[in-house]
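Each chain is listed here by its residues.
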Amino acid sequence: MTNKDEEEESKGPSNNMFLQQSIPMKQLVYTPGCTICVLVCFGILFLAIGGICVYYQGQVDQFIFTYSGTDNAQSCPDTAEKPCRVLIHLENEMKGPIYFYYKLTNFYQNHQRFVRSRNDEMSRGDFTDDPSGFSGCSDGGFEKYTVEDSDGEEQDIFYYPCGLVAKSVFNDSFVLRQCSGECEELESGTRIEWTSEDIAWASSRLHRFKSRNATWMRQNCYAFRHENNDEGNAAKGFASGFDDSLADFTGTGDAKRSKFHCWHNVSEEGMMVWMRPAALSDFWKLHRIIEDDLPAGWYSLDIHLNFPVAAFGGTKGFVFTNASPLGGRREVLGALYFTVGAVTLVTALALTVAYMTRDKLVKRPQVRYATVKMPEAKVEEEGEEAKKTNATVSSQSFAGKWAGFIKKPKTKANGGEAEDGEFARTVQFPPPPPTKDVPPFVSNFVSTAKYTVLTFLPLNLMWQFQRVANVYFLIIACLASTPLSPVESTTFWTPLIFVLGVSAFKDAYEDYRRHQSDIEENSRKTLLYSEDQRKFLTVPWKDIKVGSIVMVSTTDPEECSPMIPSDLALLASSTGDGTCFLETANLDGETNLKLREAPETLFHRVTKWAPGHETEGGTLKELQLDQISKLQITVRCNAPDAFLYDFNAKLQWEGDELPLNGGSSGGQFLQRSTKLKNTKWVVGVAVYTGPDTKIQMNMTDPPNKTSNIEGKLNSYIRGLFLFLFILCLIGSIGASIVQRSDTMKKTWYLSPDTSTTTFDTGSPDKAAFFSFFSFLILFSLLIPISLYVTVELVKAIAALIISSDLQMYAREEGIPSKARSAGLCEELGQVNYIFSDKTGTLTQNLMEFKKCSVAGIQYGRGYCEVERAIARRQGKLLPDDPVPPAGLDKGFKFVDERLLFGKWEQQESAAMLREFFINLAVNHGVQVEYGQNSELPLYQAESPDEGAFVTAARNCGFFFCKRVMKEIVIKMSDGPVGRGSDVTYTILNVNAFDNNRKRTSVVVKDAHGALMLLVKGADTSVMPFIDHAACSFFEETQMHIDLFSDQGLRTLVFAGRAITAEEYAAWNKQYVAATLLPEGREDALRAIASQIEENHSHPNQPSALFDTSTEYKSALQLHGVTALEDKLQENVGECIAQLGKAFIKIWVLTGDKLETAINIGFATALLSTEMQLIRIAADDLAALPPEGALEEKLAQAQAALAVKDLDAFISACSEGMAIPACAEVFEGLRAKGQSVHGKAQQSSTSIGGGYETGPIEGKVKELILKEKVRNRLKQYRGRMGPKDSAGGFAMVIDGQCLRAAMQNDLKMQFLEVGVECRAVVCCRVTPSQKAQVTLLVKDNIPGQITLAIGDGANDVSMIQAAHIGIGIRGKEGQQAVLASDYALPRFAYLERLLLVHGRWSYNRIGTMVCYFFYKNIVFALTIFWYGLANNFSAQSLYDDGYQSLYNVIFTGLPVMFFAVLDRDLEPDMVRKHPELYSTGHWNARFSPARFWGFILGSVVHSVLLFYLTVYSLDLDVSGSNGRGTGFWTIGTA
């Protein structure tokens, strides 16, 4: 690889496999095979578990007995004073080891009052009936409950509220004996030995449980009744099996400092069983293990009752079992697993059969365009306000990112309002000192950073908490820090701080880079004139002030930057003609040089000749510092605005007023950050500084666009909030009912007499109110805190992948694609409509001079792309183009021996050819440069059209070689290219091009002093003003224009006329006055340009193109017509065809003629011969006879006006007023006719001799065209249907008909026809119409995603109006790119952007969002189901740490990787089947049905997860060792 190749490769994106999405990975989920396999695996697993349950059911012996809280004959009363005996008869021998379980029902160890996470105040310890000398673990003292004994007398039982993390011991004492008989006597029979070893799970926290010694524990924490009277335990002791429970305990500690101080130091395994509270109210606790077998026979169990249960409806019992690996008998559990497994396998089988037979049994749905539901059309008359708005929009041109949306301010220098006719800002040199009335201007210091070190934290937090989700979780975290919270506050603070921290870190890094950029920008050096020292000093940019004289030099770029430091008004330059050149790439992305011209008189005053410094562009000059010191100037200009090239000002100097203008080229305005080129130095006065400069005022983000999924996501989250409210309401109502019940008031172990905020049996309604907030905290994870962060991160990665795609990288130009907005990537997969510009978007914007027509003769040989495409469609093959002869410029391919090398002089129309080529060589704004040691010119043109014109003129013998001030030098030759004698033309005035007039003109003076007007523009803007009488070849030229248009060529008409000195003087006076206007300068100059171009009879009239009442004389002489070929971009046709197959409708909005647009449509595969073409053109409609009464009467009125018969016109209007719904129209026309008729009679003038009826004629024509368009739309709307055309419909409409169709009462009919078409081509459209058409579809068809793509400033309004804006990084600058969401170097890359990246992103993000809701609802609902099982106590089922990490880590990261890497189809498969893209049109991945399917699945899965887990692990035991699982194990499982 060469060094050049290596350099180009370094510009391109990375080859990283991840960024290129080339990791060998298929779709991760939701493929049919994957789904069936998962179902089969789970079905087999469930059946296996059920089988194990059934198998061990026959292996397990089990004996269950309930002895307390029932009416059983062997029941033991709660108040029994002596051990209660229960007789047990085993019919068969039980094999050891045998597990003895202590069984409780309706005992809520899982209640928040009993098991409160990380809080020991609600736990309950042991009991005593003698409170004397009883001291406690905390200041709360002891508590008591009262029960009735067997004699009906009340007895107080005292207990102390202490325990280990709310895990306390409640246990009766047992002694098991084997009887020889029926065990009638107490203590009779052989005592069965059992052990407490290995009955509890190991605890890694035992080493922390040290606070008091055994004596203290016995005295203060518990005292069990005992059977044996061992010494040392006379009054109190331990029942059998508990004698040695504290034998190994040692250690001391301070009770007041120890948070958990009683049961923390219990090390005996029997106590540790109770340290694991049960998850349900019915549970088993492993008490002892009998190692040996139990033979058949009678046994007695002596029970010491230590606490009652009957009061709250509970029961106590025991279980003997030789447990299986699942623990005990599992009949119900086995049946449940069998059922779930069978259903799962049946579902898998059904899906398999459906998948294998889908082609035979299931009729595949027809892939088609998404259904469009049109809103009801509202017929409205276009009011005056709407007309004003439309007029304003149409007259605006792009000037910065916000063109068309910014209203220019009318403010004084630093505030206040400017009066009409006044400039708002006054700049003086030398600058006057600031006063109270005139405060100082802003400095030139710029800051793009958002924060400082002091403001970062508060401002960033304030910005982040503008998100509702962050505010919500902040409220939850604050609530979690109160006693209302059932979980630790860190459960919510940790993820919230993490999310805020990640966003803050990102913002801090971005702002740090902004600070570094600001420091670099403000520290650049330039030359500033010092009034004290009377010389230029080197200063940083930030020191420049308004009114300062600034010099920018290119001689020493290391010392002083060649970039313009602030917005300057040019005063002088180093060139002999006072011109300079700017590169505006930093401003608008254009690399071609822009010309600026200093005011001539002032320039010559402050400069002098520098002898001996000759250049091709003129003699160099040097600055006279003594003249600068004497300079006193005042610049009056407009207030700062964001329009890049707008600058209307006047310079007052020595009593003269000199106009200062802006513009993309020409004028005296030097914008900040533009770069001085090909000029040694310039001097200017600073008019705008710092934040007031154009570039700084344009540094705003594009309009914020919200994706379709994001909009629906917000509505779904609102639904989740409602669901959350319902769950909390159910929880609080349930808590109120439970706490109001008598059972709860008798549930003594929950201490019902001791109230808290959320537990108060005396005031259950108040407790229920506060319980609502406890449940709100508990269920708050129903709203996914990490969803927004994850979605933003996934979108950012998707944008990075798009920007790094090597297959969307233009290697030749070194330009990659770029995702400028990361928020719309999933919307790329749902595009229904594409609105596209043509020139520079579908074409290369490289103009090639192909043909021309002069004096009715066509010149140029060869064929263009459209001609070849038409021939291929007809089955013909055209020959290759002829090879250009030697001696022409490289790349110039025009071939016609009649014109080249001066042969034009030998033609009969030589005089007309001369005028034509002079027009080409003079009427332009091209700058010429020469390379070192090269005679070949390098033309710098604002548009490729002008570059093609001057190149064609050069090769035909009219060589534009030099531009000096206002002089253009042309070498005319009849021989070799580039030779000849110099002829000089002086440019007196330039009437710049605008999108309304669609033409440009110059007033020039030749070497003999003759004045000429040279005009070039679109045929519709020039041909109406040609003098037909003096042009014998007008019809032939019009035919050539139509022919060139049919061939897809870009036509421009060149014309001109001679003007007299008197006419010019009068016109120039108006021109100069307009250049000095503070407001409305552009409109005034446009009107004055139209006046001379159209030869108006009266001044101050608008263009006749838009106002038929304007009187004019057709006086232009037709010079000729050019036909340029703008070649199509590579693979444009293939891309459009693929997008069409993907059921995306494409609307092309172009300024071309209708025939040109049609042929371009066929060449690009936008149109096909199978399509039924709907053609709506003004010329076609004009030839149709009138339809309907309204149109007939309008035609009658038009005929009357044609012969100037106002009486017949008024009569026709009167008759038309009788037509229903037409009275208002004809009444207005009649009123205007009567007004004109009355004025004519008063002035005694002949109606036929004037133009008084012009305005009425124009209005009638407009109404007739509108009615014809209405009838044509109605006609086609009635014929449209799915069976009418196999290839579908395509509509082509020209500019006049489009204006009529876009009126308020007709635009919905136009839309109805348009949406039924597969392609629409709108011709002769203005930039404002592009935006209007885009908004018509966007605003009136809900759910349809629009995309606009363009390359120039005239496409900006359309790009910003659409849901998604695409800017082509072409040759018309970067305005479209700056306003876009995505930037592409070529149109063909749009296929991969939409069909691959867009489809992937939509599928990924749609599924990811559904899954986020799914997993959070599953999580919240399991807690809700658990709330039903613990008396609505708002106890959490999950460990706080797991709950904190659930959203952020456990379930957030896996789904994020899925959303970045998942690929259901590879790009090659999508290219083969582009119709697969239509899933986004139907919103299949995020449809309401799919979303609610996920929600339904989350409900079902939460039920299965909760109840299967609970009944598998908690009701019995979890393994062959017989141990219980416990509360936290269930949550973890």
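Just so it is clear, the structure is predicted and the values come from calculations on it, not from any experiment.

Asks: Which parts of the structure should I look at to understand a nonpolar patch on the surface?
Replies: Taken together, the side chains of Leu722, Phe725, Ile726, Leu729, Ile730, Ile733 and Ile737 define a hydrophobic patch exposed on the protein surface, amounting to about 620 Å² of accessible area. Note that Ile737 resides in helix H15 (residues 708-740). The exposure class assigned to Ile737 is exposed, which follows from its relative accessible area of 55%.

Asks: Even after reading the chapter, I still don't get the packing of aromatic side chains, so can you show me in this structure?
Replies: What characterises a pair of aromatic rings is the spacing of the ring centres plus the angle enclosed by the ring planes. Considering all chains together, one arrives at 55 aromatic pairs under this definition. Site record: aromatic cluster; members linked through ring pairs are Phe63, Phe65, Tyr67, Phe100, Tyr102, Phe174, Trp194, Phe318 and Phe320. Looking at Arg524, its charged tip hangs above the ring of Trp541, at a distance of 5.4 Å from the centre. Just above the ring of Phe959 sits the side chain of Arg954; from NZ or CZ to the centre is 4.5 Å.

Asks: Please explain helix H26 (residues 1132-1141) as it appears in this structure.
Replies: Here H26 has its buried residues at Val1132, Cys1135, Ile1136, Gln1138 and Leu1139. Down the axis, H26 shows its buried residues gathered within 160 degrees of arc, on one side only. Among the structural elements, strand E30 (831-836), strand E42 (1145-1149), helix H38 (1389-1429) and helix H41 (1467-1472) are those in contact with the buried residues of H26. Phi turns positive, to about 65 degrees, at Phe1143, one or two residues after H26.

Asks: Whenever I open this one, the sheet that holds E30 confuses me. Can you help?
Replies: Picture the strands of a sheet paired through backbone hydrogen bonds; they go either parallel or antiparallel. The nine strands lie next to each other as E29-E48-E47-E46-E30-E42-E45-E44-E43, forming an open sheet whose pairing is mixed. Because the sheet does not close on itself, it has two edges, and the strands there are strand E29 (818-819) and strand E43 (1172-1176). Two strands pair when backbone bridges link them, and E30 and strand E46 (residues 1345-1350) are joined in this way by five bridges, in the parallel orientation. Note that in E46 the partner of Tyr833 across the bridge is Thr1346. Each of E30, E42 and E46 touches helix H35 (residues 1327-1340); the most contacted strand, E42, lies at about 160 degrees to it.

Asks: Explain the sheet that holds strand E9 (residues 283-290) to me, please; I cannot follow it from the model alone.
Replies: Reading across from one edge, E1-E11-E3-E9 is the order of the four strands in this open sheet, with antiparallel pairing throughout. The two strands at the open ends of the sheet, each matched to only one other strand, are strand E1 (62-68) and E9. The mean angle between the axes of side-by-side strands here comes to 20 degrees, regardless of whether they run parallel or antiparallel. In the sheet, strand E3 (residues 98-105) pairs with strand E11 (residues 315-321) via seven bridges, with the strands oriented antiparallel. Each residue of the ladder has a partner; that of Phe100, found in E11, is Phe320.

Asks: Which parts of the structure should I look at to understand the pattern of salt bridges?
Replies: Inspection of every chain in the model, using the stated rule, returns 47 salt bridges. A salt bridge links Arg524 to Glu521; the nearest nitrogen and oxygen atoms lie 2.6 Å apart. We note a salt bridge from Glu946 to Lys1016, for which the minimum N-O separation is 3.2 Å. One end of the pair, Glu946, is in helix H21 (residues 944-955); the other, Lys1016, is in strand E39 (residues 1011-1017), with 70 residues separating them in the sequence. Exposure class is identical for Glu946 and Lys1016. Each is buried. One continuous salt-bridge network, built from bridges that share partners, spans Glu848, Lys850, Arg868, Asp881, Glu1125 and Lys1127.

Asks: Please clarify how the packing of H26 against H38 should be interpreted in this entry.
Replies: The N-to-C vectors of H26 and H38 enclose an angle of 25 degrees; their axes lie 8 Å apart at closest approach. Compared by their axis directions, H26 and H38 come out roughly parallel. Crossing handedness for the pair H26 and H38: left-handed. Contacts between H26 and H38 involve Cys1135, Gln1138 and Leu1139 on the former and, on the latter, Leu1390, Glu1391, Leu1394 and Leu1395. Looking at the contact of H26 with H38 residue by residue, the classes come out as five nonpolar, one polar and one charged.

Asks: Whenever I open this one, helix H29 (residues 1188-1202) confuses me. Can you help?
Replies: Since the α-helix packs 3.6 residues into each turn, any two residues three or four apart lie on the same face. Across its 15 residues, H29 extends 21 Å between first and last C-alpha, which sits within 8% of the 21 Å expected from 1.5 Å per residue. Where H29 is concerned, the buried positions are Leu1190, Glu1191, Lys1193, Leu1194, Ala1197, Ala1200 and Leu1201. Lys1204 occupies a position one or two residues after H29 and carries a positive phi of about 60 degrees.

Asks: When you look at the side chain of Ser1001 in this model, what are you seeing that I'm missing?
Replies: Its location among the elements puts Ser1001 in strand E38 (residues 999-1005). Polar side-chain contacts of Ser1001 include one of 2.5 Å to the side chain of Glu1093. If near-sequence neighbours (up to four positions away) are discounted, Ser1001 is found in contact with Asn923, Asn989, Val990, Asn991, Leu1013, Leu1014, Val1015 and Glu1093.

Asks: Looking at this model, I keep getting lost on the state of the cysteines. Mind explaining?
Replies: Covalently bonding the sulfur atom of one cysteine to the sulfur atom of another cysteine gives a disulfide. Applying the stated criterion across every chain, the model contains one disulfide. The disulfide partner of Cys76 is Cys84, and the S-S distance across this bridge is 1.8 Å. Looking down the S-S bond of the Cys76 and Cys84 bridge, the torsion is -75 degrees, so its handedness is left-handed. The pair formed by Cys76 and Cys84 is uniform in burial state, with each residue classed as buried. Take Cys1322: it sits in no disulfide, and the sulfur closest to it among the cysteines is that of Cys1323, at 7.4 Å. A relative accessible area of 0% means that Cys1322 is categorised as buried.

Asks: Mind showing me how you'd approach the environment of Gln1296 here?
Replies: Topologically, Gln1296 is positioned in helix H33 (residues 1295-1301). Judged by its relative accessible area of 44%, Gln1296 falls in the partly exposed class. With 119 residues separating them along the chain, Gln1296 and Ala1177 place their C-alpha atoms 7.7 Å apart. Beyond its immediate sequence surroundings of up to four residues, Gln1296 is in contact with Ala1178 and Leu1265.

Asks: Any chance you could explain the pairing of E38 here in plain terms?
Replies: Side-chain positions along a regular strand alternate between the two faces of the sheet. Burial of E38 is extensive: six of the seven residues sit out of reach of the surface. As paired elements, strand E37 (residues 981-991) and E38 share five bridges and run antiparallel to each other. Bridged to Ile987 within E38 is Val1004. Alignment of E38 against E39, held across seven bridges, turns out to be antiparallel. Following the sheet pairing, Thr1000 is matched in E39 by Lys1016. Connecting the antiparallel pair E38 and E39 is a turn made up of five residues, with Gly1009 showing a positive phi of about 90 degrees.

Asks: Just checking my understanding: could you explain the nonpolar core for this structure?
Replies: In summary, soluble globular proteins display a tendency toward joint burial of nonpolar side chains. Leu1390 and Leu1394 are the most contacted members of the largest nonpolar core, which has 160 residues in total. Tallying contributions element by element places H38 first for this core, with 23 residues. In contact with Leu1394, not counting residues within four places along its chain, are Leu828, Val831, Ile834, Leu1139, Ile1144, Leu1347, Arg1399 and Tyr1477.

Asks: Looking at this structure, how should I read the environment of Asp1305?
Replies: In this structure, Asp1305 sits in the loop between H33 and helix H34 (1307-1315). Sequence spacing of Asp1305 and Arg1270 is 35 residues, and the spatial spacing of their C-alpha atoms is 9.7 Å. A distance of 2.9 Å separates a polar atom in the side chain of Asp1305 from a polar atom in the side chain of Lys1266. Reaching out from Asp1305, the side chain makes a polar contact with the side chain of Arg1270 at a distance of 3.3 Å.

Asks: Quick question: what am I supposed to make of a negative patch on the surface here?
Replies: A contiguous patch of negative charge on the surface is contributed by Glu197, Glu291, Asp292 and Asp293. Mapped onto the fold, Glu291 is located in the loop between E9 and strand E10 (297-304). By relative accessible area, which is 51% here, Glu291 ends up exposed.

Asks: What's the story with the packing of helix H10 (residues 490-523) against helix H39 (residues 1440-1450) in this structure? I'm lost.
Replies: Helix-helix packing is described using two parameters, namely the angle between the two axes and the distance between the axes. The N-to-C vectors of H10 and H39 enclose an angle of 30 degrees; their axes lie 8 Å apart at closest approach. By the angle between their directions, the pair H10 and H39 is classed as roughly parallel. As H10 runs across H39, the sense of the crossing is right-handed. Of the residues in H39, those in contact with Thr490, Thr491, Phe492, Pro495 and Phe498 of H10 are Asp1440, Gln1443, Ser1444 and Val1448. Residue composition of the contact of H10 with H39, by class: four nonpolar, four polar and one charged.

Calculation rules
Residues numbered from 1 in each chain as written. Predicted model: local features only at pLDDT ≥ 70, side-chain atom pairs only at ≥ 80, totals over all residues. Heavy atoms only, no water. Patch = residues over 30% accessible without salt bridge, like charges linked within 9 Å, V, L, I, M, F, W, Y side chains within 5 Å. Areas by Shrake-Rupley, 256 points an atom, 1.4 Å probe, with all protein chains shown as cover. Salt bridge = Lys/Arg side-chain N within 4 Å of Asp/Glu carboxyl O. Helix = DSSP H or I, 4+ residues; strand = E, 2+ residues; numbered from the N terminus. Buried < 20%, exposed > 50% of the residue type's maximum accessible area, 1.4 Å probe, protein only. Phe/Tyr/Trp six-rings, centres within 6.5 Å; stacked < 30°, edge-to-face > 60°. Lys NZ or Arg CZ within 6 Å of the ring centre and 35° of its normal. Arc of directions from axis to C-beta. Contact = heavy atoms within 4.5 Å. Pairing = 2+ DSSP bridges. Axes fitted to C-alpha atoms, helices over the stretch in contact; angles between N-to-C directions. Parallel < 35°, antiparallel > 145°, perpendicular 65-115°, else oblique. Left-handed = near helix turned anticlockwise from the far one by under 90°. Nonpolar A, V, L, I, M, F, W, Y, C, P; charged D, E, K, R; others polar. Expected span 1.5 Å × (residues − 1). Polar contact = N/O pair within 3.5 Å; in protein donor to acceptor, adjacent residues only side chain to side chain. Disulfide = S-S within 2.5 Å. Core = buried A, V, L, I, M, F, W, Y, C linked by side-chain atoms within 4.5 Å. Lys, Arg positive; Asp, Glu negative; His and termini not counted. Charge placed at Lys NZ, Arg CZ, Asp CG, Glu CD.

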